[in-house]
Amino acid sequence: MAMDSVREIMTGNPTTVDGQESVTSVARTMRDDGVDVVLVVEGGSVRGLVSDHDLVVRALADAADAERMTVAEVVHGGLVTVDIDDGLDVVARTMEENSVRQVAVIESGTPVGVVNASDPRLQGRSGRIDSPTPEHARRSGSDS
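Residues numbered from 1 in each chain as written. Predicted model: local features only at pLDDT ≥ 70, side-chain atom pairs only at ≥ 80, totals over all residues. Heavy atoms only, no water.

## Examining the overall build of the protein
Phase 1: Within the protein, the regular secondary structure consists of four helices and seven strands.
Phase 2: Put simply, the protein runs from its N terminus to its C terminus through helices and strands in the order β-β-α-β-β-α-β-α-β-β-α.
Phase 3: Across the 144 residues in the protein, those meeting the buried criterion constitute 38%.
Phase 4: Sequence-distant contacts in the protein: of pairs separated by 6 or more residues, those separated by 24 or more amount to 59%.
Phase 5: Accessible surface for the protein amounts to roughly 7,900 Å². Of this, 45% is attributable to carbon and sulfur atoms. (Helix = DSSP H or I, 4+ residues; strand = E, 2+ residues; numbered from the N terminus. Buried < 20%, exposed > 50% of the residue type's maximum accessible area, 1.4 Å probe, protein only. Contact = heavy atoms within 4.5 Å. Areas by Shrake-Rupley, 256 points an atom, 1.4 Å probe, with all protein chains shown as cover.)

## Notes on the sheet that holds strand 1 (residues 11-12)
Phase 1: Here we have four strands laid out as an open sheet, ordered 1-7-6-5, and mixed in their pairing. Both edges of this open sheet fall to strand 1 and strand 5 (81-83), since each of them pairs with a single strand only.
Phase 2: As judged from the three bridges shared by strand 5 and strand 6 (residues 102-107), these two strands associate in the parallel manner. What sits directly across from Val-82, in strand 6, is Val-105. (Pairing = 2+ DSSP bridges.)

## Focus on the pattern of salt bridges
Where side chains of opposite charge bring their charged atoms close, a pairing between them can arise.
Phase 1: Counted by the stated rule, this structure contains eight salt bridges.
Phase 2: The partner of Arg-121 in a salt bridge is Asp-119, and the shortest N-O contact between them spans 2.8 Å.
Phase 3: Under the relative-accessibility criterion, Arg-121 is labelled partly exposed at 34%.
Phase 4: Here the residues in one salt-bridge network are Arg-7, Asp-85 and Glu-107, joined through shared partners. (Salt bridge = Lys/Arg side-chain N within 4 Å of Asp/Glu carboxyl O.)

## Notes on the confidence of the model for the protein
Phase 1: Per-residue confidence for the protein gives a mean pLDDT of 84, with 85% of residues at or over 70.
Phase 2: At the level of individual helices and strands, the protein shows its lowest average pLDDT in helix 4 (residues 134-140), which scores 42, and its highest in helix 1 (residues 23-33), which scores 96.
Phase 3: Taken as a whole, residues 127-144 scores under 50 in pLDDT and shows 20 contacts with residues more than four places along the chain or in a different chain. (pLDDT = per-residue confidence, 0-100.)

## Section: the sheet that holds strand 3 (residues 37-42)
Phase 1: In space, the three strands of this open sheet follow the order 2-3-4, with mixed pairing throughout. Pairing within the sheet leaves two strands with one partner each, and these edge strands are strand 2 (16-18) and strand 4 (45-51). Each neighbouring strand pair of the sheet contributes to a mean axis angle of 35°, computed without reference to strand direction.
Phase 2: Sheet topology note: the strand 3/strand 4 ladder contains six bridges and is antiparallel. Bridging across to strand 4, Val-41 finds its partner in Val-46.
Phase 3: Sheet strands touched by helix 1: strand 2, strand 3 and strand 4. Its angle to strand 3, the strand with the most contacts, is close to 135°. (Axes fitted to C-alpha atoms, helices over the stretch in contact; angles between N-to-C directions.)

Written out as structure tokens, the structure is:
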């Protein structure tokens with residue numbers, strides 16, 4: 001049976017963190033909550049999305065002081081979102097067009113979930129979202 005909307009594949013109740021929390025604190029939250037992506041909130045609105053990969057590549061790989069660096073410093077670009085009723089082809093196309101592997105799911109202006117490109121139900125839709133993003137490929141070289 002084919003899934004038609006993001007509502008059916010998203011991870012609901014996303015973990016949120018304050019943008020002023022340290023990278024170390026956010027890493028602990030991710031570990032304790034068993035998640036690999038958090039939404040970063042500042043001033044009452046969602047500023048972006050940060051993955052465990054982002055913490056490694058944008059903070060730890062540069063030998064940043066993870067206790068002093070805030071997670072807001074790790075957020076890259078704007079928040080890429082999809083609507084809760086969007087079809088999976090729209091989600092895959094949005095990820096591809098924005099070179100992202102995760103998107104926040106929005107319902108009535110409020111984030112209600114996250115979708116990851118690794119979900120098998122997105123594979124083979126609208127391009128190669130299963131490959132590394134251009135940024136990841138540049139930073140990682142040939143290692144994965």
